[in-house]
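Geometric and topological summary
For reference, the chains in residue letters:
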Amino acid sequence: MATEKIKAYDHSDLIVYTRSIGQPLGPYEKPVILPNKGNHNPTVHAWTDARFATDIMAEHALFFALLMPPEVAEKEHTEALRFHKVFTKLFKKIDDTPPPKDNDLGAFTKAVVDEIKPFIEYKKRLGDAQRNGTLRSLVWPLFFDHTQHEAERWTRRLDKLGKGNSKLQRSEVTTFWTNIMDEHARFVAHLLDPDEFELIDIAMKTSGVFSHLHKGSMGDIASAIIHEPGTVIESLVQNPETDAILSAAETILDFKTKAVRGIEAARIKSIIDPRLADHVRREALKFVDELKRSV
Ligand SMILES: [Fe+2]
Ligand SMILES: [Fe+2]
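Below: a short report on this structure. It should be emphasised that the depicted structure is a prediction, and the values quoted were computed from it without experimental measurement. (Residues numbered from 1 in each chain as written. Chains lettered and ligands numbered in written order. Predicted model: local features only at pLDDT ≥ 70, side-chain atom pairs only at ≥ 80, totals over all residues. Heavy atoms only, no water.)

**A few points about the overall build of the chain**
The helix and strand tally for the chain stands at 11 helices and 2 strands. Taking all 295 residues of the chain together, 51% fall into the buried category. Long-range contacts, defined here as pairs at least 24 residues apart, represent 69% of the contacts in the chain between residues at least 6 apart. Carbon together with sulfur atoms contributes 56% to the accessible area of the chain, which is approximately 14300 Å² in total. (Helix = DSSP H or I, 4+ residues; strand = E, 2+ residues; numbered from the N terminus. Buried < 20%, exposed > 50% of the residue type's maximum accessible area, 1.4 Å probe, protein only. Contact = heavy atoms within 4.5 Å. Areas by Shrake-Rupley, 256 points an atom, 1.4 Å probe, with all protein chains shown as cover.)

**As for the environment of Arg51**
In this structure, Arg51 sits in helix α2 (residues 42-67). Residue classification places Arg51 among the buried residues on the basis of a relative accessible area of 9%. Sequence spacing of Arg51 and Leu34 is 17 residues, and the spatial spacing of their C-alpha atoms is 9.4 Å. Of the polar contacts made by the side chain of Arg51, one reaches the side chain of Asp95; its length is 2.7 Å. (Polar contact = N/O pair within 3.5 Å; in protein donor to acceptor, adjacent residues only side chain to side chain.)

**Quick word on helix α4 (residues 105-132)**
Taking 1.5 Å per residue as the helical rise, α4 with its 28 residues ought to reach 40 Å, and the 41 Å between its terminal C-alpha atoms agrees with that figure. Of the residues flanking the end of α4, it is Gly133, one or two places downstream, whose phi is positive at about 90°. (Expected span 1.5 Å × (residues − 1).)

**Some remarks on empty space enclosed by the protein**
Counting across every chain of the model gives 3 cavities of 30 Å³ or more. In terms of lining residues, the largest cavity is bounded by 15 residues, among which Val188, Ala259, Ile263, Ile272 and Ala277 are the most central. At the level of secondary structure, the elements contributing two or more residues to the lining of the largest cavity comprise α6 (170-191), α10 (244-264) and α11 (274-293). The biggest single contributor to the lining of the largest cavity is α10, with 5 residues. Looking at the second largest cavity, the residues that line it are His60, Phe143, His146, Thr147, Glu150, His184, Phe187, Leu276, His279, Val280 and Glu283. Those elements that place two or more of their residues in the lining of the second largest cavity are α5 (141-162), α6 and α11. Residues belonging to the lining of the second largest cavity are distributed by class as follows: 4 nonpolar, 5 polar and 2 charged. (1 Å grid on protein atoms, 1.4 Å probe; cavity = no way out; pocket = protein on both sides within 12 Å on 5 of 7 lines; lining within 4 Å. Points joined across faces, edges and corners; volume = space filled by probe spheres on them. Nonpolar A, V, L, I, M, F, W, Y, C, P; charged D, E, K, R; others polar.)

**As for the pattern of salt bridges**
Using the criterion set out here, one finds 29 salt bridges in the structure. Here Arg282 and Asp55 are joined by a salt bridge, their closest N and O atoms 3.7 Å apart. One end of the pair, Arg282, is in helix α11; the other, Asp55, is in helix α2, with 227 residues separating them in the sequence. According to the relative accessible area criterion, Arg282 is buried, its value standing at 3%. The class for Asp55 is buried, based on a relative accessible area of 10%. With a shortest N-O distance of 2.9 Å, Arg282 and Asp278 are connected by a salt bridge. Of the two residues, Arg282 and Asp278 both sit in helix α11, 4 residues apart, roughly one turn of that helix. The exposure classification of Arg282 matches that of Asp278, with both residues buried. Each of Arg19, Glu29, Lys30, Asp55, Glu59, Glu264, Asp278, Arg281 and Arg282 takes part in salt bridges that share partners, so that together they form one network. (Salt bridge = Lys/Arg side-chain N within 4 Å of Asp/Glu carboxyl O.)

**Here we look at the nonpolar core**
For soluble globular proteins, the rule of thumb is that nonpolar side chains tend to be buried together. Counting residues in hydrophobic clusters, the biggest one holds 77 residues, and the most contacted among them are Phe64, Met68, Ile116 and Phe287. If you tally residues by element for this core, the top one is α2, at 13 residues. Excluding anything up to four places from it in sequence, Phe64 contacts Ala80, Phe119, Tyr122, Lys123, Val139, Phe143, Phe144 and Thr147. (Core = buried A, V, L, I, M, F, W, Y, C linked by side-chain atoms within 4.5 Å.)

**Observations concerning the packing of aromatic side chains**
Aromatic rings in a pair are described by how distant their centres are and how their planes are angled relative to each other. The full count for this structure, using the stated rule, is 14 aromatic pairs. Residues Phe64 and Phe144 carry aromatic rings whose centres are separated by 5.1 Å and whose planes lie at 35° to one another, so their mutual orientation is tilted. Taken together, the residues Phe64 in helix α2 and Phe144 in helix α5 connect sequence positions 80 residues apart. On the accessibility criterion, Phe144 (0% relative accessible area) is buried. For the ring pair Trp177 and Phe287, a centre distance of 6.1 Å and an interplane angle of 20° mean the geometry is stacked. In this pair, Trp177 sits in helix α6 while Phe287 sits in helix α11, placing the two residues 110 residues apart along the sequence. Here the aromatic residues Phe64, Phe83, Phe87, Phe119, Tyr122, Trp140, Phe143, Phe144 and Phe187 are joined through ring pairs into a cluster of three or more. In this structure, Arg82 packs its charged tip against the face of Phe83, placed 4.8 Å from the ring centre. Over the ring of Trp154 we find Arg153, and its NZ or CZ is 5.2 Å from the ring centre. (Phe/Tyr/Trp six-rings, centres within 6.5 Å; stacked < 30°, edge-to-face > 60°. Lys NZ or Arg CZ within 6 Å of the ring centre and 35° of its normal.)

So this is what it looks like as structure tokens:
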């Protein structure tokens, strides 16, 4: 089914990314469809970003439902399932239709942003409740915040695309995604089996590198290199001319690809749902792609 799906997108404006070229999809793998390199058409970017973001929102809702069992949060669980249904339906609608025409671009992006806004409110409300103890679910406050920030970022991106602007600013891309990658690494560290000493250590060091990169000054980047040699910045030590952020982004993408395969094959012990592992892998892939397109 997935292979047929990929064929359906064999279109000159689009490129389909899988974990490995020519290999069958993993059991929990979803391909990522993005504009071809050098394509700046805002209608194509709006379609691929709306497709990507609505699937991500549907999965956030699913993860909330899984981590808020009815026994501890019945109302919130039901709301999560409703959001999951809304975004699954919207994703399918986008996935089944070609990119919008120029005339429909503003209406297309607005319709997606309008669906995301109530979900932002929900994430904010539940994040506050989990923080102050009125909600006792298995969702960390930082997971609510993280997914809220992602939703807010997609609304900003889609608003811009709706106005015909597909440009990705490097400073915006790096500020947003380095923080997201730092948080992903900490999520992974805290969802691994406590016996996975080595992977937990790598995950926490990776978080440290992205935290330094997020702060952004050359001093912080140098500090990341000094303090975490042999982790995600190995290539930087060997080649200081390398784009530090791109190198780190490609390395965390590689780490997440290996991790999701290990989780799927039960080689890695954790409570990480394989769908969550593939979700964070796709977000890393999007980071790498945006960084390469950014100016
Ligand atoms: Fe996400
Ligand atoms: Fe994320």
